[in-house]
Structure formats: structure tokens, C-alpha cells
Amino acid sequence: MKGTAYCIILGMIITGCSKHQTPITKRDQMMLLSKADEMSIGDKEYKRLLSCTTLCKDTEKKKAIDRVGKKLISVVKNSHIKKWEFILVEKDSINAACLPNGKVFINSGVFKVAKNDDQLATILAHEMSHALARHGGARISRNKVVNGAGIGGGLAIAVLNPLLIIPYIGLYQATTEKLVTTPHNRLEEKEADEIGLNLMKKAGYDLKQSIAFWENMKTVNKHKGKTHTKTHLSYDERIKDLQKVITKMQSI
Ligand SMILES: [Zn+2]
């Protein structure tokens, strides 16, 4: 597996010239996609999702999403995303997602844990931050390098001993999952929380309510017997990190 790790590092060095710096956290990340590529991916996915989505007709919830969304959009400056949109989906599960082109899908189930505008701002700002930080493009870029290195390693192994191909694929996938995919997913979650808090602050929302929001999430999921997935932060971990960022922001 050492050879594989070198392949990944080599790929990252080769592509090192294609970097993107995230807003607020100022972290450099590998970026092999142009902004236009990301917009095009987002546009296609937006059409696909809309064709299989039932929109929520609840006017109070829709008004709340529009009110909070509008306020958050007003504080986003110098973004590559020109047209944000918030789509309220009729679905009970507590989930939201933002496409790279700024289309934010929010399940109506989110209102089970977002008890006021500040708490709703927590989840909307978090999702918008994924798009602002271009996490979607960064994820596709990582996959390209990881897959390219995997194929390169596989070809080399096939020449040496074809019988080792199957164990190699399994080991490669497990290793890259552990060393690349999971740590990056967790890092991006943390980063979206931090950028989201900055948007909330600029829009005048109460930052402490972000903690209340995640406490609500923890309570609801505990009752369901659900726990976080390994790619995501645990609720306690997230709350601790949010508290740290809030303290840092308040001391500036
Ligand atoms: Zn997220």
C-alpha cells in the first residue's frame, strides 16, 4: 500500500497547481474542476432532483425559508454563485443539501428541529457554505486523483501477479476511505459549520442558537436510536467545535 500512498501524493503534487482557497477558513484545497464545470453539474442535478421531488405546500414553512434565505444571501459577498434558490421538499427526514450552483434543497422535516429563524439559519448557512467553499468540486477532484492512482497501481500489480488484483482493489478502497475520504468529509463538515457561523453573524442571527439546533438534532435522533455516520461528526463533537468557533468570533 506504500506505493499507492505515493501515487496519491504524486497525483496531488502534479495537480498542486490547481488550487482553490476556501472563504473564511482560508484553506487551500485541490481543485481540478472549473467553476463553470461545477455550475453545469449543479444545473443537471437540479433538473433531475426537481423532476422527482414533491414540493412542500406549507406556506408558513416556505415563508420562513424565504425570509431566512434572503437574509443570508444578502451577506454573501464576492461569490461565484450568482443565483441562490431555496427549495422546500415535502419529506419527513431531517435533511438538507446544497448543489454547487447554489440550489438548496430543504426537507420539511427540518422544521422538527429548527424551532426559530436562528436555528433555521444554522442549517441553511451550513448548506450554503458547502457551495461557497466549493466542497462538491473538491470532492470530485479528490475522487479523480484517488481513482487515477488506483488504476495505475492496479495495472502495475496486474503485470506482476494478476491474482493479487482483487485483494489489491479491496485494500486500496479501504485505505483511501480511511486516509482520504472520511477525514476530508469530516473536515468539510467542520468548515461548513465555521463559514456558516460567519454568515449567521453577518446576517444578525444568534450564534448560540446553532448549538440549540444541534442539541435538538441529537435529541430527535437519540429517540430514533440513530447515531451519526463515520463520515460525519458526532453531535457532541460538532457542538464542541461550534462553541470553540463562537468563542473565537466573539473575541475578535
Ligand atoms: Zn454538511
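Let us look at the structure shown here. Please read all numbers here as calculations on a predicted model, not as lab measurements.

Attention now moves to the overall build of the protein. The number of helices and strands found in the protein is 8 helices and 5 strands. The C-alpha radius of gyration computed for the protein amounts to 20 Å, which stays within 12% of the reference 18 Å derived for 252 residues, consistent with globular compactness. The dimensions of the protein, computed from C-alpha atoms along their principal axes, are 65 × 45 × 40 Å. Buried residues in the protein amount to 47% of all 252 residues. For the protein, restricting intrachain contacts to residue pairs at least 6 apart in sequence, the fraction spanning at least 24 positions comes to 70%. Of the roughly 13600 Å² of accessible surface on the protein, a fraction of 60% belongs to carbon and sulfur atoms. The positive charge centre, built from 41 side chains, and the negative charge centre, built from 25, are 3 Å apart in the protein.

Attention shifts here to the packing of helix α4 (residues 117–132) against helix α7 (residues 208–223). At a closest axis distance of 8 Å, the pairing of α4 and α7 adopts a crossing angle of 80°. Relative to α7, the element α4 lies roughly perpendicular. Seen from α4, the contacting residues are D118, Q119, T122 and I123; seen from α7, they are Q209, S210, A212, F213, W214 and N216. Residues of the contact of α4 with α7, tallied by class, amount to 4 nonpolar, 5 polar and 1 charged.

Over its 17 residues, helix α8 (residues 235–251) runs 24 Å from end to end, which matches the ideal 24 Å to within 8%, given 1.5 Å per residue. Looking at α8, one finds that the buried residues are Y235, R238, I239, D241, L242, V245, I246 and M249. Looking straight down α8, one finds its buried side chains confined to an arc of 165°; they lie on one side. Structural note: α8 exposes K240, K244 and S251 on the side pointing more than 90 degrees away from its buried face.

One can describe the packing of α7 onto α8 by two numbers: an axis separation of 10 Å at closest approach and a directional angle of 175°. Regarding the angle of α7 to α8, the classification is roughly antiparallel. Every residue of α8 that contacts α7 at K208, S210, I211, W214, E215, M217, K218 and N221 is listed here: Y235, D236, R238, I239, L242, Q243 and I246. When its residues are assigned to classes, the contact of α7 with α8 shows 7 nonpolar, 3 polar and 5 charged.

With mixed pairing, the 3 strands of this open sheet are ordered in space as β3-β5-β4. Here the strands that pair on one side only, and so sit at the sheet edges, are β3 (85–89) and β4 (96–98). For this sheet, the mean angle separating the axes of adjacent strands, direction not counted, is 15°. The pairing of β4 with strand β5 (residues 103–107) spans 3 bridges and is classified as antiparallel. Among the inter-strand pairings, C98 is bridged to a residue of β5, identified as V104. Strands in contact with helix α3 (residues 59–74) are β3 and β5; relative to β3, the strand with the most contacts, it is inclined by about 155°. Strand contacts of α4: β3, β4 and β5, with the helix running at about 30° to β4, the strand carrying the most contacts.

Calculation rules
- Residues numbered from 1 in each chain as written.
- Predicted model: local features only at pLDDT ≥ 70, side-chain atom pairs only at ≥ 80, totals over all residues.
- Heavy atoms only, no water.
- Helix = DSSP H or I, 4+ residues; strand = E, 2+ residues; numbered from the N terminus.
- Rg over C-alpha atoms; globule rule 2.2 N^0.38 Å.
- Buried < 20%, exposed > 50% of the residue type's maximum accessible area, 1.4 Å probe, protein only.
- Contact = heavy atoms within 4.5 Å.
- Areas by Shrake-Rupley, 256 points an atom, 1.4 Å probe, with all protein chains shown as cover.
- Lys, Arg positive; Asp, Glu negative; His and termini not counted.
- Charge placed at Lys NZ, Arg CZ, Asp CG, Glu CD.
- Axes fitted to C-alpha atoms, helices over the stretch in contact; angles between N-to-C directions.
- Parallel < 35°, antiparallel > 145°, perpendicular 65-115°, else oblique.
- Nonpolar A, V, L, I, M, F, W, Y, C, P; charged D, E, K, R; others polar.
- Expected span 1.5 Å × (residues − 1).
- Arc of directions from axis to C-beta.
- Pairing = 2+ DSSP bridges.

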